[in-house]
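Fold and contact review
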Amino acid sequence: MNKTIIININGIVFHIEEDAYEIIRNYMTDVKRHFAYSADSDEIVTDIENRLAEMFTERLAQENKQVIVIQDVEVVIAQMGRV
């Protein structure tokens, strides 16, 4: 049994395993750090968060499940690409 936490991305509430959360949190930290000196950094980060929320919603619906796991995060990050 894995510990889950509740997060909010783009106004959507997700249940996510703690290990998966650490991966997505680190990913978003890297994104924010990468775009920190861009004139549109806030907008870029918001757009990325919006797309993450869409992709997680799609994955949960496709697989008819309620909790985001590490595999979901890895697939989404692979599709989005690393910074």
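What comes next is a walk through the structure. Counting of residues starts from 1 at the beginning of each chain's written sequence and follows it residue by residue. Given that this is a predicted model, residues contribute local features only at a pLDDT of at least 70 and side-chain atom pairs are listed and counted only at 80 or more, while totals for whole chains, interfaces and linings are drawn from all residues. Only hydrogens and water are removed before side-chain values are computed, so all heavy atoms of the structure are retained for them.

Digging into the layout of surface pockets
Test applied: The pocket and cavity definitions rest on a 1 Å grid over protein atoms only: a 1.4 Å probe that fits but cannot leave marks a cavity, an open set with protein on both sides within 12 Å along at least five of seven lines marks a pocket, and residues lining either have an atom within 4 Å of a point. Grid points are joined across faces, edges and corners, and a volume is the space filled by probe spheres set on the points. Numbered from the N terminus, helices here are DSSP runs of H or I no shorter than four residues, and strands are runs of E no shorter than two. In the scheme used here, Gly and all other residues not listed as nonpolar or charged are polar, with Ala, Val, Leu, Ile, Met, Phe, Trp, Tyr, Cys and Pro taken as nonpolar and Asp, Glu, Lys and Arg as charged.
Counted as a void, the largest pocket has a volume near 190 Å³. In this structure, the largest pocket is lined by Ile7, Asn8, Ile9, Asn10, Tyr21, Ile24, Arg25, Met28, Lys32, Glu49 and Leu52. For the lining of the largest pocket, the elements supplying multiple residues, two or more each, are β1 (4-9), α1 (18-34) and α2 (41-62). The dominant element in the lining of the largest pocket, judged by the number of residues it contributes, is α1, at 5 residues. Partitioning the lining of the largest pocket into residue classes produces 6 nonpolar, 2 polar and 3 charged.

Examining the side chain of Ser41
In plain terms, the rule: Note on contacts: a residue pair is in contact if any heavy atoms of the two residues lie within 4.5 Å.
Within the fold, Ser41 resides in helix α2. Contacts of Ser41, omitting those with residues within four sequence positions, involve Phe35 and Ala36.

Some points on the sheet that holds strand β2 (residues 12-17)
For clarity, the threshold we go by: Pairs of strands are assigned from DSSP output, requiring at least two bridges between the strands.
If you trace the 3 strands from one edge of the open sheet to the other, you get β1-β2-β3, paired in mixed fashion. Each having just a single partner strand, β1 and β3 (67-68) make up the two edges of the open sheet. Pairing of β1 with β2 involves 6 bridges; the strand directions are antiparallel. Note on β2: the bridge partner recorded for Thr4 is Glu17.

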